[in-house]
Amino acid sequence: MSADPDLPALMRSESLHAYEHDAARHAYAYGVALRRARWLSGSSVGNALVRAVDRQWAGSTQRWLSQDLESNPSRLHTPLLHQLDSIVRLLHAQRPTIKIARDRRNWPWATPLAPPHGCTQWLVLDHTALNALDSKARAFALGSAVGHLQCGHGIFFAAHRMVAYDRPRFSAGLLKRALRPWTALLAFSSDRAGLLACGDLEVAIDTVGRLDQLHRSIDWLPRPPALAQRTDALREFDQTITMARVRAGARVSPAPLANDIGCPLADDRHTGGDHPLPESVPVSERPPPVESWDGVPDSAWPLARCDRRLTERLGLF
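Residues numbered from 1 in each chain as written. Predicted model: local features only at pLDDT ≥ 70, side-chain atom pairs only at ≥ 80, totals over all residues. Heavy atoms only, no water.

**Q** Give me the packing of aromatic side chains: which residues, what numbers.
**A** Each aromatic ring pair is specified by the distance between its two centres and by the angle formed by the two planes. Enumeration according to the criterion identifies 5 aromatic pairs in this entry. Ring plane angle 75 degrees and centroid distance 6.0 Å describe the contact between Tyr30 and Phe188, whose orientation is recorded as edge-to-face. Highlighted residues: Tyr30 in the loop between helix H1 (7–26) and helix H2 (31–42) and Phe188 in helix H8 (residues 172–198), separated in sequence by 158 residues. As far as the burial class goes, Tyr30 and Phe188 line up, both buried. (Phe/Tyr/Trp six-rings, centres within 6.5 Å; stacked < 30°, edge-to-face > 60°. Helix = DSSP H or I, 4+ residues; strand = E, 2+ residues; numbered from the N terminus. Buried < 20%, exposed > 50% of the residue type's maximum accessible area, 1.4 Å probe, protein only.)

Okay, structure coming up:
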């Protein structure tokens, strides 16, 4: 006879995981994109999009599984799955449900799809293309897609796919134009996640170029920003404290904030800055304070500096 589940402990564990997921996302994601997404979700336009994707999700995913996708993880090579799991742990992300693309011409290497509510997250993989990549390039592609999901971008990809294939009476071009202020920024966060996953700037830049060509050849996908903007943004993110900490062996974690010269702010060392831990999480289960900055040079940039420079180049004020 099994013992009753310890519900308070389970709730504390879930609360801690949600905190780590959110704080890790803020350790690398482009702040303007996160703020715009929050605004969209609370606006009348955003609510209409959320409701439409929510209503369509069950029917669309059934059609995709019958026509375009398959659920057969046994077809995936074990090294690929192990690499994906290590990236999920690195980013403190939720492990997505894996689907395999049947028509490789109509799907990129890794596609994030998710409804607006609930814990369902799909990652559609072109496993043939991914297995043909070297390990670091594959890590970038997988990390970028996991970053999209962690930052809540799956709904944008799902909406574009639904309009293009499931709601033909609506204009896919109109949707792309309407959502362009949001989708034009998605890649900056996901590229950072990809760089964290592969750890090699030159590999990341080369892979971004290949992904850019692939994404522009698939009509239903949101249009990415200019390639030059993405590579410049990657070069700057490579100099950040977050990147230095990961290279020094840390996970993307509830990292302390930093001032404009790269020094950690004392008040944030135990709290995760703007993301305090829920009161329900006991002290014994909280992440340890950041006591050491071994391997992080004094010249490393705070993420805010990186974001500010990108925002200025994009002309977003």
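**Q** Describe the pairing of strand S4 (residues 122–125), listing the residues and the values that go with them.
**A** Here S4 shows a buried face lined by Trp122 and Val124 and a second buried face lined by Leu123 and Leu125. In this sheet, S4 lies alongside strand S2 (residues 97–101) in parallel orientation, the contact comprising 4 bridges. Bridged to Thr97 within S4 is Trp122. Sheet topology places strand S3 (residues 110–113) next to S4; 4 bridges connect them, and they run antiparallel. The residue of S4 that forms the bridge with Ala110 is Leu125. (Pairing = 2+ DSSP bridges.)

**Q** Explain unusual backbone geometry to me, and be specific about the residues and the numbers.
**A** In this structure, His92 takes a positive phi of about 55 degrees despite not being glycine. As for its placement among the helices and strands, His92 is situated in the loop between helix H4 (78–91) and S2. Assessed through its relative accessible area of 8%, His92 is described here as buried.

**Q** Give me the pattern of salt bridges: which residues, what numbers.
**A** Two side chains that carry opposite charge are able to pair once their charged atoms sit near each other. Within this structure, the stated rule accounts for 14 salt bridges. Notably, a salt bridge pairs Lys136 with Asp200, separated by 3.2 Å at the nearest N-O pair. Residue Lys136 is found in helix H6 (residues 135–150), and its partner Asp200 is found in the loop between H8 and helix H9 (201–216); the two are separated by 64 residues along the sequence. Several salt bridges share partner residues, and in doing so they unite Asp191, Asp212, Arg216 and Arg230 into one network. (Salt bridge = Lys/Arg side-chain N within 4 Å of Asp/Glu carboxyl O.)

**Q** Describe in detail the environment of Gly31, supporting the description with residues and values.
**A** Positionally, Gly31 belongs in helix H2. For Gly31, a relative accessible area of 13% puts it in the buried group. A sequence separation of 157 residues divides Gly31 from Phe188, and the C-alpha atoms of the two residues are 10.0 Å apart.

**Q** Give a detailed account of the nonpolar core, specifying residues and quantitative values.
**A** Core analysis: the largest hydrophobic core is formed by 50 residues, its most contacted members being Tyr28, Leu91, Leu123, Leu125 and Val252. Examining the composition of this core, we find that 8 residues originate from one element, H6, more than from any other. Leave out the neighbours within four places in its chain, and Val252 touches Ala24, Ala27, Tyr28, Leu90, Leu91, His92, Leu196 and Val246. If you look at the next biggest cluster of nonpolar residues, it comprises 26 residues, including Leu40, Ala101, Phe157 and Leu179. (Core = buried A, V, L, I, M, F, W, Y, C linked by side-chain atoms within 4.5 Å. Contact = heavy atoms within 4.5 Å.)

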